[in-house]
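# Observations on the model geometry
Residue strings, one per chain:
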Amino acid sequence: MFITWLRFVTLLATVECGDLCSAAAIRDYAKLNAAASLMRHANERAAFIVRRPSDGSLRLVMWHAGDVGEASWTGRIPAGTIAIAHTHPPSTPDPSRKDLREAKRLRIPIVIITARRVTIVQIDGTHREVFGAGWTRRAR
Ligand SMILES: [Zn+2]
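Parameters at a glance
- Residues numbered from 1 in each chain as written.
- Predicted model: local features only at pLDDT ≥ 70, side-chain atom pairs only at ≥ 80, totals over all residues.
- Heavy atoms only, no water.
- Helix = DSSP H or I, 4+ residues; strand = E, 2+ residues; numbered from the N terminus.
- Buried < 20%, exposed > 50% of the residue type's maximum accessible area, 1.4 Å probe, protein only.
- Polar contact = N/O pair within 3.5 Å; in protein donor to acceptor, adjacent residues only side chain to side chain.
- Pairing = 2+ DSSP bridges.
- Axes fitted to C-alpha atoms, helices over the stretch in contact; angles between N-to-C directions.
- Contact = heavy atoms within 4.5 Å.

## Brief notes about the overall build of the protein chain
When helices and strands are tallied, the protein chain shows 3 helices and 6 strands. Every one of the 140 residues in the protein chain was classed for burial, and the buried ones make up 41%.

## Focus: the side chain of Thr-87
Residue position: Thr-87 is located in strand S3 (residues 81-87). Taking the relative accessible area as the measure of exposure, Thr-87 reaches 1% and is therefore buried. Polar side-chain contacts of Thr-87 include one of 2.9 Å to the backbone nitrogen of Arg-45.

## Things to note about unusual backbone geometry
Although it is not a glycine, Arg-107 sits at a positive phi angle of roughly 60°. Along the chain, the position of Arg-107 falls in the loop between helix H3 (97-106) and strand S4 (110-113). Given a relative accessible area of 58%, Arg-107 falls into the exposed group.

## Brief notes about the sheet that holds S4
Judged by pairing direction, the sheet is mixed, and its 6 strands sit side by side in the order S2-S1-S3-S4-S5-S6 without closing on themselves. Of all strands in the sheet, those bounded by a partner on one side alone are strand S2 (58-62) and strand S6 (127-131). Within this sheet the neighbouring strands show an average axis-to-axis angle of 25°, counted without direction. Alignment of S4 against strand S5 (residues 118-121), held across 4 bridges, turns out to be antiparallel. Each bridged residue has a counterpart across the sheet, and for Ile-110 the counterpart in S5 is Val-121. Docked against the sheet, helix H2 (residues 23-37) engages strand S1 (46-51), S2, S3, S4, S5 and S6, running at close to 25° with respect to S2. Here H3 sits on the sheet in contact with S3, S4, S5 and S6, set at roughly 155° to S4.

Everything listed here is a matter of geometry and, on its own, says nothing about what the molecule does.
Now the structure itself:
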């Protein structure tokens, strides 16, 4: 009974944030944030966060850089995808309506990254800030 409850709580934590708040995930967010900041315009960089079946570690599958605002992906969502992460310009740190809609439609959490905060949209369309100002220092 105790183990069942523990598993339930663990599962709940995983759904809430879990791997998406892990040190590996934070390093991935920092990579995306750095890639976006290298570009002159307010372009997005986006990637699938994919769990390797072999050892459970996470890797990024980068999308093509968008040349007018939004990154794009053509083709199938990679197997093992646990989230879609993308950057927003500093001026629009909140999830867009499209972000909320897509998280529900795809049933995949969507992570929004800016230099000042990281927000996760859950598959029910709710969202919350998981890291605030100074979060990039955690990536070192
Ligand atoms: Zn967005």
